[in-house]
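Spelled out from the first residue to the last, the chains are:
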Amino acid sequence: MSVVAGVDFGTLSVRVTLVSSDKGPIGTASAAYPLHRRHEDPNYATQAHADQMKALVEATRDVLKTTGVRGEAVEAIALDTTGSSVVPVGEGLEPLDEYYLWCDHRAFAEAEEITRKAHELKFEGIEWCGGVYSHEWGFAKLLHWLRHNPKLREKMVTALEHCDMAAATLSGVTRVEDLKRSVCAMGHKWMWNPKWGGLPPEEFLVAVDPLFKGVRAKLGGAYLTSDRVAGQLTAKWAEALGLRAGIAIPVGAFDAHWDAIGSNIREGDAVNVVGTSTCIIAMARQAELVPGVCGVVPGSVHPGYTGIEAGLSATGDIFDAIATRAGTTVAALSEGLEDYRAGQTGLLRLSWDNGDRTVLVNPELGGVTLGWNLVHTAQDELFAAIEGTALHTRIILERMAERGVRGESKVKIDRVINAGGIPQKNEVLNRVYANVLNKPVLVPQGVPTSLGSGIFALLAAGAYKTIEEAQAAVCLPFRTVEPDARSAAVYERLYRHYRDVYFALGSRNAAPAALGAVLPELRKIASEQVNKTAS
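Only a predicted model underlies this, so the values are computations on that prediction, with no experimental measurement involved. (Residues numbered from 1 in each chain as written. Predicted model: local features only at pLDDT ≥ 70, side-chain atom pairs only at ≥ 80, totals over all residues. Heavy atoms only, no water.)

Participant: What is the right way to read the confidence of the model for the chain from this model?
Facilitator: Atomic detail in the predicted coordinates should be set aside for any region of low pLDDT. In the predicted model, the chain carries a mean pLDDT of 92, and 95% of its residues have values of at least 70. Per-residue pLDDT stays below 50 along residues 406-411; that stretch engages in 15 contacts with residues further than four places along the chain or on separate chains. (pLDDT = per-residue confidence, 0-100. Contact = heavy atoms within 4.5 Å.)

Participant: It is not clear to me how the nonpolar core should be interpreted in this structure. Could you clarify?
Facilitator: Where a protein is soluble and globular, its nonpolar side chains tend to be buried together. In this structure, Tyr 133, Phe 139, Leu 142, Trp 190, Phe 212 and Phe 319 are the most contacted members of the largest nonpolar core, which totals 97 residues. Looking at this core, the element that brings in the most residues is helix H13 (residues 378-403), giving 10 residues. When near neighbours in sequence (up to four residues on either side) are disregarded, Phe 212 contacts Phe 139, Leu 142, Leu 143, Leu 146, Glu 202, Leu 205 and Val 206. Cys 163, Ala 185, Leu 458 and Leu 476 belong to the second-largest nonpolar core, a separate cluster that totals 36 residues. (Core = buried A, V, L, I, M, F, W, Y, C linked by side-chain atoms within 4.5 Å. Buried < 20%, exposed > 50% of the residue type's maximum accessible area, 1.4 Å probe, protein only. Helix = DSSP H or I, 4+ residues; strand = E, 2+ residues; numbered from the N terminus.)

Participant: Sorry if this is basic, but what is going on with the packing of helix H10 (residues 255-262) against helix H15 (residues 451-461) here?
Facilitator: The description of two helices packed together rests on the angle between their axes and the distance between the axes. Remark: H10 packs on H15, axes separated minimally by 6 Å, with the N-to-C direction vectors making an angle of 75°. The angle between the axes of H10 and H15 places the two elements in the roughly perpendicular class. Of the residues in H15, those in contact with Trp 258, Ile 261 and Gly 262 of H10 are Leu 451, Gly 452, Ser 453, Ile 455 and Phe 456. (Axes fitted to C-alpha atoms, helices over the stretch in contact; angles between N-to-C directions. Parallel < 35°, antiparallel > 145°, perpendicular 65-115°, else oblique.)

Participant: Explain the packing of aromatic side chains to me, please; I cannot follow it from the model alone.
Facilitator: The geometry of two aromatic rings is summed up by the distance between their centres and the angle between their planes. All chains considered together, the criterion is met by 12 aromatic pairs. Ring geometry for Tyr 133 against Trp 137: centres 5.1 Å apart, planes inclined by 90°, an arrangement best described as edge-to-face. You can call Tyr 133 buried: its relative accessible area is 2%. Here Trp 137 falls in the buried class, since its relative accessible area comes to 2%. (Phe/Tyr/Trp six-rings, centres within 6.5 Å; stacked < 30°, edge-to-face > 60°.)

Participant: Looking at this model, I keep getting lost on the sheet that holds strand E21 (residues 415-419). Mind explaining?
Facilitator: Backbone-to-backbone hydrogen bonds join strands into a sheet, with any given pair of strands oriented parallel or antiparallel. Here we have seven strands laid out as an open sheet, ordered E17-E18-E16-E15-E21-E22-E23, and mixed in their pairing. Here the strands that pair on one side only, and so sit at the sheet edges, are strand E17 (296-298) and strand E23 (478-481). The sheet shows a mean angle of 25° between the axes of neighbouring strands, taken without regard to direction. Two elements, strand E15 (residues 269-274) and strand E16 (residues 278-284), share four bridges in a ladder whose sense is antiparallel. Across the sheet, residue Val 273 finds its bridge partner in E16, namely Cys 279. Packing against the sheet, H10 makes contact with E15, E16 and strand E18 (306-312), and its axis sits at approximately 60° to E16. Packed onto the sheet, helix H14 (residues 427-437) meets E15, E21, strand E22 (441-444) and E23 and runs at close to 60° relative to E23. (Pairing = 2+ DSSP bridges.)

Participant: Would you explain the pattern of salt bridges in this entry?
Facilitator: Should their charged atoms come close, side chains of opposite charge can pair. By the definition in use, this model includes 19 salt bridges. Between Asp 104 and Arg 106 there is a salt bridge; the shortest N-O distance is 2.7 Å. Across the pair, Arg 106 and Asp 104 agree in class, each one buried. Among the salt bridges present, the one from Arg 175 reaches Glu 177, with a minimum N-O distance of 3.2 Å. The class for Glu 177 is exposed, based on a relative accessible area of 52%. In the salt-bridge network here, residues are joined through shared partners; they are Glu 110, Glu 113, Arg 147 and Asp 209. (Salt bridge = Lys/Arg side-chain N within 4 Å of Asp/Glu carboxyl O.)

Participant: Would you take a moment to explain empty space enclosed by the protein for this structure?
Facilitator: A water-sized probe rolled over the atoms picks out the places where empty space is left. For the structure on display, the rule yields two cavities of 30 Å³ or more. In this structure, the largest cavity encloses a volume near 80 Å³. In this structure, the largest cavity is lined by 16 residues; those nearest its centre are Gly 125, Trp 128, Cys 129, Gly 187 and Met 191. Where the lining of the largest cavity is concerned, the elements lending two or more residues are helix H3 (125-128), helix H6 (183-189) and E17. Broken down by element, the lining of the largest cavity gets its largest block of residues, three residues, from H6. Split by residue class, the lining of the largest cavity holds 10 nonpolar, five polar and one charged. Asp 164, Ala 167, Ala 168, Ser 171, Val 173, Leu 179, Lys 180 and Ala 230 together form the lining of the second largest cavity. With four residues, helix H5 (residues 162-171) is the single largest residue contributor to the lining of the second largest cavity. (1 Å grid on protein atoms, 1.4 Å probe; cavity = no way out; pocket = protein on both sides within 12 Å on 5 of 7 lines; lining within 4 Å. Points joined across faces, edges and corners; volume = space filled by probe spheres on them. Nonpolar A, V, L, I, M, F, W, Y, C, P; charged D, E, K, R; others polar.)

Participant: Got a minute to help me understand the layout of surface pockets in this structure?
Facilitator: In this structure, the largest pocket occupies an estimated 1100 Å³ of space. Surrounding the largest pocket, 45 residues form its lining, Val 274, Gly 275, Thr 276, Gly 421 and Ile 422 being those nearest its centre. A class-by-class count of the residues in the lining of the largest pocket yields 16 nonpolar, 17 polar and 12 charged. Approximately 680 Å³ is the volume attributed to the second largest pocket. What lines the second largest pocket is a set of 28 residues, among which Arg 37, Pro 42, Asp 317, Asp 353 and Asn 354 lie closest to the centre. Every element with two or more residues in the lining of the second largest pocket is listed here: strand E4 (36-38), strand E5 (41-47) and helix H11 (316-325). Broken down by class, the residue content of the lining of the second largest pocket amounts to 12 nonpolar, eight polar and eight charged.

Participant: What is the right way to read the state of the cysteines from this model?
Facilitator: Linking two cysteines covalently via their sulfur atoms produces the bond known as a disulfide. According to the stated counting rule, one finds zero disulfides in the structure shown. Cysteine Cys 184 shares no disulfide, and the gap to the nearest cysteine sulfur, in Cys 163, comes to 6.8 Å. Accessibility expressed as a relative area gives 3% for Cys 184, which makes it buried. Lacking any disulfide linkage, Cys 475 is separated from the closest cysteine sulfur, that of Cys 184, by 17 Å. Here Cys 475 falls in the buried class, since its relative accessible area comes to 14%. (Disulfide = S-S within 2.5 Å.)

Participant: Sorry, what's going on with the environment of Tyr 223 here?
Facilitator: Among the structural elements, Tyr 223 can be located in strand E11 (residues 222-224). Of the polar contacts made by the side chain of Tyr 223, one reaches the backbone oxygen of Leu 219; its length is 2.6 Å. (Polar contact = N/O pair within 3.5 Å; in protein donor to acceptor, adjacent residues only side chain to side chain.)

Participant: Help me understand unusual backbone geometry in this model?
Facilitator: Most peptide bonds adopt trans geometry, and most residues besides glycine take a negative phi value. For the bond from Gly 83 to Ser 84, the omega torsion is 5°, close enough to zero to count as cis. Among the secondary structure elements, Ser 84 is positioned in the loop between strand E6 (74-81) and strand E7 (86-89). Cis rather than trans, the peptide bond between Thr 358 and Val 359 has omega equal to 10°. By the secondary structure assignment, Val 359 is in the loop between strand E19 (348-350) and strand E20 (368-370).

Here's what the structure looks like:
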């Protein structure tokens, strides 16, 4: 039997799970770190590397204590993180600033410039990230930092994704040439792809902004999939964590991609990793380009497949915001939602409170709720928000299927898996998703977060030869939430209006002719559902 540590750095905390090669998860612990925001700039979101590493020490020591596992018995440690979460570093790979977190949206203008120049110069990479470069991604964030930190520019040796920075720190890497960079992170967020020799060419980057001159050369190191080793744990960090020096650290990845692995993803699956935001992950032996879908990258989820990523910029954050405005909590506001019927509120809510990640890739959008009357409540809005995130997810899954996620035309998603933290504690969400998608939704019986990290740690420790072997041994079983035919029929009607509003309001040049019927139809649907309840 082998025991390894799987680490998941989230937006607000780090979770460390000990995983046994024959028993699966045997214990978990977490520790929080501050998220720095500014009321005067809602696009601002940063985090300190030192805070994150301090939390990692706390959570690792806690899980060792609570499980009774000796630190010397842990054979490998693997780390996934949020992304694109970017930190510029100086000599010795010491941070020059805090991380620009994935949810830092200050770089929207830079993203637009990158998109515009890529299309103008016909750079192929823009098509592989859905035709639009996002403000959530690496080059946009780095350009924003370069423009706003003139005194630190010359000190920048390189810039790192969080997953690569964490692995480099733990393994004592201090030089760019010794870095191991994640194909997952660099492929989905930095337009890296073997098709055009790796990163975008220097002439393209400089055409976007001369400040990019020389940056491509600074992004050195080896670009590897997560079945490769990034380094070994140093004595310094082994002592801090309570582990054994020299254990393997595989190349890291993004949290949602490894959450999909920990949720037993197969080709033909769509895994909804539902948390503060939603990442939708699929993988295929071959994959076509998917307009509006934010990444098609070989080796990013599973080294033997091409990974596909899409998602919503806010999900749990929307639920929290609704509850906060109502002076309560999501848990309290959710009491009684199980009695709500499909469409009964008469509200149609678009999940754009933090912009649109997929398929419009538009950071300038804001949350929209149609159908308000004078007696609607915060609880009504919460239910409409759950419906809205499900309807948005259907938009994305249909876009994937239209363009052939598995390299075929008109291919359907065979299975939908609701992973992440929220599906474990919100059965109403699972039921709504099953009804909106009109498909059975599989939910892991337990929290799969950081289990994907554990699987890659097991590979690094030599406990298993393949991801599939490790998944069969340690992944959690599923329970199935079946759709209700009557509710699915209501959502079929709502979806037609949601789709019309989504593309009409979300696209600058769309004709709004279809919008006139929406509000009357929302009232009609709500009235029908209220009458059914009364009878």
